[in-house]
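Letter by letter, the chains look like this.
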Amino acid sequence: MAAEKGFEPPPDVLIVGAGASGAVAAVRLAEAGFRVVCLEQGDWPDYSRARAGQPDFELTSGATWAWDPNVRNAPGDYPVEESESDITALMWNGVGGGTVVYAAHWQRSMPSDFRVRSLDGIADDWPFTYEDLEPFYVRVERDWGVSGLAGDTAFPPGEGPPMPPVPLSRLGRRVAEAHNRLGWHWWPGPNAIATRPYGRLSACVQWAACLWGCPEGAKASVDRTHWPVATERGVTLLTRCRVRRLLVGPDGLVEGAVYVDPDGAEHQQRAAVTILCANGIGTPRLLLLSADDRRPDGLANSSGLVGRRLMMHPFGTVVGLFEEDLGSWQGVWGQHLHSLEFYETDASRGFARGAKWGLQPTGGPLSATASFPWGPENPIWGPGFHERLRARLGRSAMWGIIAEDLPEEANRVTLDPLRSDRFGIPAARLRYRLSENSRRLVAFHQARARESLAAAGAYETVVAPFIRATGWHLLGTAVMGEDPERSVVDQWGRAHDVPNLFVYDGSVWPTSSGMNPTATIAAFALRAVEHLIEHRRDQRGAP
Amino acid sequence: MSREVSAEDRATLAALADVLIPAGQGAPSASEAGAAGPWLDEVLRLRPDLGEPLAAILAAARGAEPAAAVAGLQAEQPAAFDALAAVVAGAYFLHPEVSRAIGYPGQQRRPIVPEEPPDFEQDGLLASVLARGPIYRPTPGREP
């Protein structure tokens, strides 16, 4: 029998996971007077190990801030078996979640992203529209500290983010001018990066280190923007506490969770309401781990869709080489600008849906020698080393292409029958195959991105080789919808089967968009938690 | 691999390293820059995870013709090749003279200085984007 621990009486809400969605929920619940406990399996990020400006920056950052939990193997991680997956999952298990190492590209989804079935006749519509979510985008952009420019012609008119955009820089200006000549869309990059001192954030100093722990405190990651606020307002955040399974009462309500502390001791944390914010792999893993005799297929899984419809965004990269010194090891990483020129479906292209492009720097000298994005067939080594190095270093720019993948039930997260984490909890197992639509989509966008960079003056363009380690965005595995037979949760994140269990992370996405997802994850969480707060009198809770 | 790398292993590494990074354009070769000497030790201190793959590479390459050994790794063992490249280039770029020779001062603090007008407004840069008008498909029923 697991020991009861602290927090009597039990809190109103248990949140599992201290990433983006958990942070948004925790702050609002605390503001509304709820008593909240959050269980986070990892720890706070150690920014003393963020090395921008130090000679070993490039050498150590990739290992210290490794994005693949199987590579990092930190105490907060669990194994992800992915031998049957074309893409490997990337995540940060700790306070801040993926925002600790994300590129902070802050992309709202477009109106068509919420209406894929209605507009394109495929996949599913979301149970709400862009217009329903828009006020929440505006608010989370203020809460996080987003920079950008209102009036982007790829979105309906409305209020923009609170800070002006990051500089275009020389490389951005070149590409902007080229797109003007081509008649292609571009817009100053929206980023969760402070361009002025803003709340708890410092102003960006363009280390181009966003992906490896911002040493400046300028990138909006929720360990900096939200969790200090939440804990000051009374939220109890327990780090290095891993949930083993959810507790389910005889009435079918979830009563909290069983978790393992850093010493391996088991405890129960009870709560009236439980919210899963554990990402598109962690959340279905927990629901599947919570199977029992009455629910042999897992908790909240009468639809059979828990873990299915995994979407991870195939990722394309195209680099251009320029004669001009663009100083492109500095800047934001982050995006200087974005283009949504080819985002909307055009049936004549031979595939459905599209992708967003973000223009990025290319890093320092060690990055210039790496097989990604430069490709093993594009070697730098040997007699031409110094010429090639100088051609790449500071004289290159890169489009990162976020390609929409469509939901397929065969792409899924299950429990691994063999492997487990250090506490004996089964690992997650992925099965994910790229569809023909995705392959065509990525190839089309790579070709257009080459044209973009060539028009900007690149004398050579390189399409990065396909690599598996691009699964930044973990979406779709506890899909929301109106029909309990065809979805796991409703539009408020409430499980159809369990009225006091909620999912707020990217698991709920019916389709993946072709955007970096954090803006929509945050806006969804805010909309959902405010609905929960507003309807607190009607909310059933565990006894 | 322990941090005490034998002289024989250093000699093997120096030969492989110079296949990857020969001298040129005023910059030293990898071995001349100490990529098998003090900067190797620094790499292994900073990245102990590279020690084991490096030891395996050097054991296999001992006595082999360096260019053939490098080519073999590149063709047949891409992960091992990447580890070798990370060690050699990682050590090479730690040397301050190399940084000077290639014109890389390291990442520097560059505060964003507000421009007036901001860069995206200079020379009417956004004018043609704005003139084109909306490019998104509206929510059905919410068309403007």
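Since this is a predicted model, take the numbers as computed values, not measurements. (Residues numbered from 1 in each chain as written. Chains lettered and ligands numbered in written order. Predicted model: local features only at pLDDT ≥ 70, side-chain atom pairs only at ≥ 80, totals over all residues.)

Chemist: Can you explain the overall build of chain B? Please cite residues and give values.
Modeler: Along its length, chain B carries seven helices and zero strands. Listing every helix and strand of chain B by position from the N terminus yields α-α-α-α-α-α-α. What you see for chain B is a C-alpha radius of gyration of 25 Å, clearly larger than the 15 Å of a compact globule of 144 residues, by over 25%. For chain B, the spread of C-alpha atoms along the principal axes amounts to about 75 × 40 × 25 Å. (Helix = DSSP H or I, 4+ residues; strand = E, 2+ residues; numbered from the N terminus. Rg over C-alpha atoms; globule rule 2.2 N^0.38 Å.)

Chemist: How would you summarise the overall build of chain A if you had to cite specific residues and measurements?
Modeler: Helix and strand counts for chain A come out as 14 helices and 18 strands. Over its C-alpha atoms chain A spans a radius of gyration of 22 Å, differing by no more than 12% from the 24 Å that the globule rule assigns to 543 residues. Each of the three principal axes of chain A carries a C-alpha extent, and together these read 70 × 50 × 45 Å. In chain A, buried positions account for 61% of the 543 residues. Taking as baseline every contact in chain A between residues at least 6 positions apart, the subset at least 24 positions apart corresponds to 74%. (Buried ≥ 20, exposed ≤ 12 C-beta atoms within 10 Å, placed from the backbone. Contact = placed C-beta atoms within 7 Å.)

Chemist: Which residues make up the sheet that holds strand S10 (residues 273-276) of chain A, and what values do they have?
Modeler: All names here are of chain A. The strand order across the open sheet formed by five strands is S6-S3-S2-S10-S18, and the pairing between neighbours is parallel. The outermost strands of the open sheet, each flanked by one partner alone, are strand S6 (236-238) and strand S18 (501-503). Ignoring which end each strand starts from, the neighbouring axes of this sheet average 20° apart. Pairing analysis gives three bridges linking strand S3 (residues 36-39) to S6, with the strands arranged parallel. Across the sheet, residue Val-37 finds its bridge partner in S6, namely Thr-236. Contacts from helix H1 (residues 20-31) reach strand S2 (13-16), S3 and S10 within the one sheet, and its direction differs from that of S3 by about 165°. (Pairing = 2+ DSSP bridges. Axes fitted to C-alpha atoms, helices over the stretch in contact; angles between N-to-C directions.)

Chemist: Could you give an account of the pairing of strand S11 (residues 315-321) of chain A, naming the residues involved and the relevant values?
Modeler: Residues and elements named next belong to chain A. Counting buried residues along S11, six of its seven residues qualify, which places the element largely inside the surrounding structure. Examined bridge by bridge, S11 and strand S17 (residues 460-463) share four bridges and lie antiparallel to one another. Within the sheet, the bridge partner assigned to Gly-320 lies in S17 and is Thr-461.

Chemist: So what's going on with helix H1 (residues 7-20) of chain B? Which residues, and what values?
Modeler: Between its terminal C-alpha atoms H1(B) stretches 20 Å, which fits the 20 Å expected from 14 residues at 1.5 Å a residue. Those residues of H1(B) lying buried are B:Asp9, B:Thr12, B:Leu13, B:Ala14, B:Leu16, B:Ala17, B:Asp18, B:Val19 and B:Leu20. (Expected span 1.5 Å × (residues − 1).)

Chemist: Help me get a handle on the environment of A:Leu434, residues and values and all.
Modeler: All names here are of chain A. By the secondary structure assignment, Leu-434 is in the loop between strand S16 (426-432) and helix H13 (436-455). Each C-alpha atom of the pair Leu-434 and Glu-408 lies 10.0 Å from the other, and the pair is 26 residues apart in sequence. Among all residues touching Leu-434, those that are not within four sequence positions of it are Asp-86, Pro-314 and Arg-439.

Chemist: So, the packing of H1(A) against helix H14 (residues 518-534) of chain A: which residues are in play, and what are the values?
Modeler: Residue and element names in this part refer to chain A. Contact pair H1 / H14: the axes reach a minimum separation of 8 Å and the direction vectors enclose 35°. Between H1 and H14 lies a crossing whose hand is right-handed. Side by side, H1 and H14 meet where Ala-20, Ser-21, Val-24, Ala-25, Arg-28 and Leu-29 of the first sit next to Thr-518, Ile-521, Ala-522, Ala-525, Leu-526, Val-529, Glu-530 and Ile-533 of the second. Its residues assigned to classes, the contact of H1 with H14 shows ten nonpolar, two polar and two charged. (Left-handed = near helix turned anticlockwise from the far one by under 90°. Nonpolar A, V, L, I, M, F, W, Y, C, P; charged D, E, K, R; others polar.)

Chemist: I'd love a proper account of the interface of chain A and chain B, names of residues and values included.
Modeler: Listed per partner, the contact involves 62 residues of chain A and 44 residues of chain B. Sorting the residues of the side of chain A that touches chain B by element identifies helix H2 (57-64), helix H4 (116-120), helix H5 (130-144), helix H6 (169-182), strand S5 (187-188), helix H10 (365-368) and helix H12 (385-392) of chain A as the ones contributing at least two each. By residue number, the principal contributor to the side of chain A that touches chain B is H12(A), which donates five residues. Each residue belonging to the side of chain A that touches chain B can be placed in one class, and the counts come to 39 nonpolar, 16 polar and seven charged.

Chemist: How would you explain the pairing of S2(A) if you had to name every residue and give the values?
Modeler: All names here are of chain A. Covered by surrounding structure in S2 are Val-13 and Ile-15 together with Leu-14 and Val-16, the residues of both alternating faces. Taken together, the four bridges between S2 and S3 define a ladder with parallel strand orientation. Opposite Val-16, over in S3, you have Leu-39 as the bridge partner. For the crossover from S2 across H1 to S3, the handedness is right-handed. When S2 meets S10, the two strands line up parallel, connected through four bridges. Among the inter-strand pairings, Leu-14 is bridged to a residue of S10, identified as Thr-274. (Right-handed = clockwise from strand over helix to strand, strands pointing away.)

Chemist: Would you mind going over the sheet that holds S5(A) in detail, with residue names and values included?
Modeler: Residues and elements named next belong to chain A. Within the open sheet, the six strands sit side by side as S5-S12-S13-S14-S11-S17. Their pairing is antiparallel. For this open sheet the edge positions go to S5 and S17, each flanked by a neighbour on one side alone. Strand contacts of H6: strand S12 (337-339), strand S13 (355-360) and strand S14 (396-403), with the helix running at about 30° to S12, the strand carrying the most contacts.

Chemist: Could you give an account of the confidence of the model for chain B, with specific residues and numbers?
Modeler: Residue and element names in this part refer to chain B. Of the residues in chain B, 98% have a pLDDT of 70 or more, and the chain-wide mean is 94. Here helix H6 (residues 96-102) stands out as the element of chain B with the lowest mean pLDDT, 95, in contrast to H1, whose mean of 98 is the highest. Interface confidence for the predicted complex, given as ipTM, is 0.95, next to a pTM of 0.97. (pLDDT = per-residue confidence, 0-100.)

Chemist: Run through unusual backbone geometry, naming residues and quoting values.
Modeler: Backbone torsion omega between A:Trp333 and A:Gly334 reads -5°, so that peptide bond is classified as cis. With respect to the helices, strands and loops of the structure, A:Gly334 is situated in the loop between S11 and S12. The peptide bond linking B:Glu116 to B:Pro117 adopts the cis configuration, its omega dihedral lying at -5°. Even without glycine at this site, A:Arg309 takes up a positive phi of about 65°. Taking the number of C-beta atoms within 10 Å as the measure of exposure, A:Arg309 has 30 and is therefore buried. Positioned with a positive phi, A:Arg353 is a non-glycine residue whose angle comes to about 75°. With respect to the helices and strands, the residue A:Arg353 is situated in the loop between S12 and S13. The exposure class assigned to A:Arg353 is buried, which follows from the 26 C-beta atoms found within 10 Å.

Chemist: For the environment of B:Ile135, give the residues involved together with the corresponding values.
Modeler: Of note, B:Ile135 is situated in the segment after helix H7 (127-132). Taking the C-beta count within 10 Å as the criterion, B:Ile135 has 17 such neighbours and is therefore assigned partly exposed. Here B:Ile135 is in contact with A:Thr153, A:Ala154, A:His185 and A:Leu340, once residues within four sequence places are set aside.

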